[in-house]
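For reference, the chains in residue letters:
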Amino acid sequence: MSRTEILDSADEAVRGVEDGSTVLVGGFGMAGMPFDLVDALIRQGAGDLTIVSNNAGNGDVGLAALLKTGRVRKVICSFPRQSDSYVFDELYRAGRIELEVVPQGNLAERMRAAGAGIGAFYCPTGVGTPLAEGKETRTIDGRVHVLEYPIRGDVALISAHRADTMGNLVYRKTARNFGPVMATAAARTVVQVGEIVPAGDLDPEAVVTPGIYVDRIVRVEARHYTVQGAR
Amino acid sequence: MPLNPDELAAVVARDIPAGSYVNLGIGRPTKVADHLPEGAGIVLHTENGMLNMGPAASGEQIDPDLTNAGKVPVTELPGASYFHHADSFAMMRGGHLDVCVLGAFQVSATGDLANWHTGAAGAIPAVGGAMDLAIGAKQVFVMMTLFDKQGRSKLVPECTYPLTGVGCVSRVYTDVAVIEVGPDGAAVRETFGVTVDELAERLPVPIKSA
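Residues numbered from 1 in each chain as written. Chains lettered and ligands numbered in written order. Predicted model: local features only at pLDDT ≥ 70, side-chain atom pairs only at ≥ 80, totals over all residues.

Draft legend 1. The overall build of chain B, seen in detail. Counting its regular elements, chain B contains four helices and 13 strands. Taken against the 2.2 N^0.38 rule, which gives 17 Å for 210 residues, the C-alpha radius of gyration of chain B at 17 Å falls within 12% of a compact globule. On the principal axes, the C-alpha backbone points of chain B span a range of 50 × 40 × 30 Å. A buried classification covers 49% of the 210 residues belonging to chain B. Put simply, of all contacts in chain B between residues at least 6 apart along the chain, 61% involve residues at least 24 apart. (Helix = DSSP H or I, 4+ residues; strand = E, 2+ residues; numbered from the N terminus. Rg over C-alpha atoms; globule rule 2.2 N^0.38 Å. Buried ≥ 20, exposed ≤ 12 C-beta atoms within 10 Å, placed from the backbone. Contact = placed C-beta atoms within 7 Å.)

Written out as structure tokens, the structure is:
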């Protein structure tokens, strides 16, 4: 019997998210966005949230719908400004949401570090730019590096293509994006999947996220959107 | 004659060595893909976790799970692979990409790049993967018009917009000239519809012929 819980609804899957939590939300634009879990989090009602995600919402669905509730205090992301990020744009311009912009590679690596027990790391990304101002630097092999600290989540909400009953996950195409990294970086990882198969039915060689990182799974009907105005 | 964006994309594509692993930035650089020679074994990387990305998808090919860095639906080519974001950026930051092509607001003669934020009041800063690409790819090409709409040079002695990277650009492809930049300053490789002397008069930085 695996420790991974398989739940009947997205509402059960997001139970226990507390006010003030840091929530890692998977997806790159709409691809891999865990729409059902985010909707369930809206119904669940936790507030004063810090959201870590690549973008700051698209259109009126998913992360954008959560931002609209006013329950997000801060967004940590690499690319908030997009063709259809009007919900975030309005909150930001009204001074109703904090923004921390992080280079995309640092965003991914800082979560990887959190999941891998790495206390901090040095990297040349951002040297000499406003995003490295005030940060500790060190010259390694003649090149200036910036010290970056891990980003840890209280909970991660991610989407995968298929799970088995052990919590092992496979993803689909570029919807994989931040899922495998976020799964490792949160105290509790919650995954929505399109299908749950019996243990043994996933090829062990093809598993991308091993079940040890997965706490809760819920099966949902896949919902897909594309980013409006992308070019 | 100055080059139009398509002609410029063709010039960039011509200079990408066979067998290169290449990342094309959002916007204008995306056009380079249309001009890469077939059979040259050039593999496109997209930051959201894919190698051997194919052309934009249309009609029934559109799959919401398969997009490029600009979130545009794309296709996969035979031999494509998918990987997560930390791996995708490890490819950049670890120096495994041969070339990246980025847009820019400004490039300095020594190769500083400003392409993520105008710093204007009310502007929402968004960096994406630009800083990682700028320091990670073995060669960073910039594609831009040489002059802005007011006629000001985007090749500058020192960037006035917030930087993306320091000394990271190796070559600038513009509508009127291809210019090498770096520790030794700016050097013109080729011009389109102007002479080097005419350019030198309009630019705020000293240029030599490469």
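Draft legend 2. Up close: helix H1 (residues 5–14) of chain B. All names here are of chain B. Every buried residue of H1 is accounted for by Leu8, Ala9, Val12 and Ala13. Viewed end-on, H1 has its buried residues packed into an arc of 145°, placing them on one side of the element. Looking at the packing, one finds that the buried side of H1 touches strand E5 (99–102), strand E8 (139–143) and strand E10 (171–173). (Arc of directions from axis to C-beta.)

Draft legend 3. Representation of the confidence of the model for chain B. On average, residues of chain B score 96 in pLDDT, and 100% of them reach the 70 mark or higher. Scored as a complex, the prediction yields pTM 0.96 and ipTM 0.95. (pLDDT = per-residue confidence, 0-100.)

Draft legend 4. Main features of the sheet that holds strand E6 (residues 106–108) of chain B. All names here are of chain B. With mixed pairing, the three strands of this open sheet are ordered in space as E7-E6-E9. The open sheet is flanked by strand E7 (113–114) and strand E9 (155–156), the only strands paired with a single partner. Here E6 pairs with E7 via two bridges, running antiparallel. Paired with Gln106 across the bridge in E7 is Ala114. (Pairing = 2+ DSSP bridges.)

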